[in-house]
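Coordinates in review
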Amino acid sequence: MWVPLYAVCLRSQRVCRRSVAAAVSQCFRHRDASVSHFSHSAGLSAQTCKALVYRTHGDPSRVVQLEGVELPSLGAKDVLVKVLAAPINPSDINMIQGTYAILPDLPAVGGNEGVAQVVEVGSQVKSLKIGDWVIPKDAGLGTWRTHAVLPEEDVISVPNDIPLVSAATLGVNPCTAFRMLSDFEDLKPGDSVIQNAANSGVGQAVIQIAAARGINTINVIRDRPEFTELSDKLKAIGASHVIKEEALRKHEIKELFKTCPKPKLALNGVGGKSATELLRHLQIGGSMVTYGGMSKQPVTVPVSALIFKDVKVRGFWVTQWKRDHSHDGRAFRAMLDELCSLIKQGKLTAPACTEVGLQQYHAALDTAMQPFISTKQVLVM
């Protein structure tokens with residue numbers, strides 16, 4: 001695992017916990033010591049790393065601190081990795097605040113996503129070698145740190161010739177988009193998908209993956225002064241149509257459906273009235289999949305949509321998908337291979353990111369917590 005504080009079970013709903021006292025004693029007793037510089041040569045083990053640690057839940061800008069953390073010795077089936085980059089996602093903030101579905105014991109290191117380079121391997125490691133890039137297989141592994149010693153089985157390799165930010169942001173949003181487009185409706189070229197939050201990380205990945213498959217996307221975004229500029233940006237990455245939320249209740253949506261098939265699939269990352277409007281435009285028997293709730297409002301399903309259109313209302317959490325498929329890594333491997341192929345072809349790009357040094361974490365956290373932020377903060381180690 002990335003953090004020697006706790007282990008997230010891949011085959012269970014719960015977070016497996018170790019003694020907090022033991023964790024503090026083992027991992028944080030030297031937190032005020034100078035952090036050593038690590039060699040990247042095989043055979044040399046790192047002793048400590050820098051990590052963004054929180055010891056209590058609360059406002060991330062107040063409870064997260066940069067500390068020196070002792071690393072465990074390298075086991076036969078372990079790898080030593082140097083973390084290259086790790087984004088700040090909403091789920092990371094929620095974990096620190098104590099509101100996420102899975103929470104580690106405290107103290108803990110922040111971060112659920114990122115990319116690292118293998119710098120040393122244990123004697124029995126078979127699937128990884130020095131120089132490989134890897135990403136976590138599961139959430140809750142504490143990626144906001146410079147180095148980690150972790151079991152070989154806790155990470156999966158990705159190509160090291162794709163852009164750094166694409167690799168660092170691969171494991172959550174693109175995987176979420178990929179699975180929602182693959183697992184709920186049998187979508188074929190020419191079919192349509194409608195989504196709100198179209199400018200989000202997931203939304204942009206949906207647009208690009210759908211475009212690569214020949215699937216139309218109807219992309220709903222909030223009205224704003226720069227609507228035309230944003231619409232052009234989304235169309236440039238493959239969006240078929242970009243409309244304002246209020247257009248869902250106006251005649252122009254009917255005009256759109258004269259040239260574009262009604263959607264089989266609706267993807268909801270907002271909730272509230274926005275989700276209800278998506279439902280109204282689904283084909284008979286279509287599905288609405290909810291993966292987020294940015295409005296913090298409940299999803300209301302019209303009775304008529306259930307009775308007369310037989311719509312299906314589903315939910316999706318990529319962490320649960322990964323755990324459900326942890327016994328057989330072939331589905332995860334195949335998904336990553338397809339996503340990385342799209343990246344190499346220039347058909348899937350990361351959302352706009354701002355790279356921030358680890359020492360500037362306070363500013364990065366403050367920016368990440370601002371509403372309607374347009375760029376993702378990525379910590380570069």
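See the structure above.
To start, this report covers the structure provided alongside it.

How each quantity is defined
Residues numbered from 1 in each chain as written. Predicted model: local features only at pLDDT ≥ 70, side-chain atom pairs only at ≥ 80, totals over all residues. Heavy atoms only, no water. Pairing = 2+ DSSP bridges. Helix = DSSP H or I, 4+ residues; strand = E, 2+ residues; numbered from the N terminus. Axes fitted to C-alpha atoms, helices over the stretch in contact; angles between N-to-C directions. Contact = heavy atoms within 4.5 Å. Buried < 20%, exposed > 50% of the residue type's maximum accessible area, 1.4 Å probe, protein only. Patch = residues over 30% accessible without salt bridge, like charges linked within 9 Å, V, L, I, M, F, W, Y side chains within 5 Å. Areas by Shrake-Rupley, 256 points an atom, 1.4 Å probe, with all protein chains shown as cover. Salt bridge = Lys/Arg side-chain N within 4 Å of Asp/Glu carboxyl O. Polar contact = N/O pair within 3.5 Å; in protein donor to acceptor, adjacent residues only side chain to side chain. Right-handed = clockwise from strand over helix to strand, strands pointing away.

The next thing to look at is the sheet that holds strand E15 (residues 287-290). Within the open sheet, the 6 strands sit side by side as E13-E12-E11-E14-E15-E16. Their pairing is parallel. Where the open sheet ends on each side, the last strands, each with one partner, are strand E13 (241-244) and strand E16 (312-315). In this sheet, neighbouring strand axes are inclined to one another by 20° on average, regardless of whether the strands run parallel or antiparallel. Helix H7 (residues 227-236) rests against strand E12 (216-221) and E13 of the sheet, and its axis sits at about 155° to E13. Packed on one face of the sheet, helix H9 (residues 272-280) meets strand E11 (192-195), E12, strand E14 (265-268), E15 and E16 and runs near 175° to E14.

The sheet built from 3 strands is open, its strands ordered E4-E3-E6 with antiparallel pairing. Two strands close off the open sheet at either side, each with one partner strand: strand E4 (64-70) and strand E6 (108-109). When strand E3 (residues 48-54) meets E6, the two strands line up antiparallel, connected through 2 bridges. The residue of E6 that forms the bridge with Tyr54 is Ala108. Its contacts with the sheet put helix H13 (residues 361-368) on E3 and E4, and the angle it makes with E4 is roughly 130°.

What follows deals with helix H3 (residues 90-97). If you check which residues of H3 are buried, you get Ser91, Asp92, Ile93, Met95 and Ile96. Of the surrounding secondary structure, the elements contacted by the buried residues of H3 are E3, helix H2 (60-63), E4, strand E5 (78-87) and H13. At the exit of H3 stands Gly98, carrying a positive phi of roughly 85°.

This paragraph deals with a nonpolar patch on the surface. On the surface, a nonpolar cluster with roughly 510 Å² of combined accessible area is contributed by Val303, Leu306, Ile307, Phe308 and Val313. Sort the elements by how many residues they give to the nonpolar patch and helix H10 (residues 303-307) lands first, with 3 residues. Inspection of the secondary structure assignment puts Val303 in helix H10. Val303 gets classed as exposed once you look at its relative accessible area, which sits at 56%.

Below, the discussion takes up the environment of Glu255. Position of Glu255 relative to the elements: it lies in helix H8 (residues 251-256). Residue classification places Glu255 among the partly exposed positions, given a relative accessible area of 34%. Polar side-chain contacts of Glu255 include one of 2.9 Å to the side chain of Lys258.

Here we take up the pattern of salt bridges. Inspection of every chain in the model, using the stated rule, returns 14 salt bridges. A salt bridge links Asp337 to Arg333; its shortest N-O distance comes to 3.2 Å. Note that Asp337 and Arg333 are positioned in helix H12 (residues 330-344) at a spacing of 4 residues, about one turn of the helix. The class of Asp337 is partly exposed, set by a relative accessible area of 42%.

To continue, consider the pairing of E11. Of the two faces of E11, the one lined by Ser192 and Ile194 and the one lined by Val193 and Gln195 are each fully buried. In the sheet, E11 pairs with E12 via 4 bridges, with the strands oriented parallel. The residue of E12 that forms the bridge with Ser192 is Asn216. Traced from E11 through helix H6 (residues 201-212) to E12, the parallel crossover comes out right-handed. Two strands pair when backbone bridges link them, and E11 and E14 are joined in this way by 3 bridges, in the parallel orientation. From the neighbouring strand, Ile194 faces E14, where its bridge partner is Ala266.

For the rest of this paragraph, the subject is unusual backbone geometry. Here Leu106 and Pro107 are connected by a cis peptide whose omega angle stands at 0°. Looking at where Pro107 falls in the secondary structure, it is placed in the loop between H3 and E6. Positioned with a positive phi, Lys296 is a non-glycine residue whose angle comes to about 60°. Positionally, Lys296 belongs in the loop between E15 and H10. Overall, Lys296 belongs to the exposed group, its relative accessible area being 76%.

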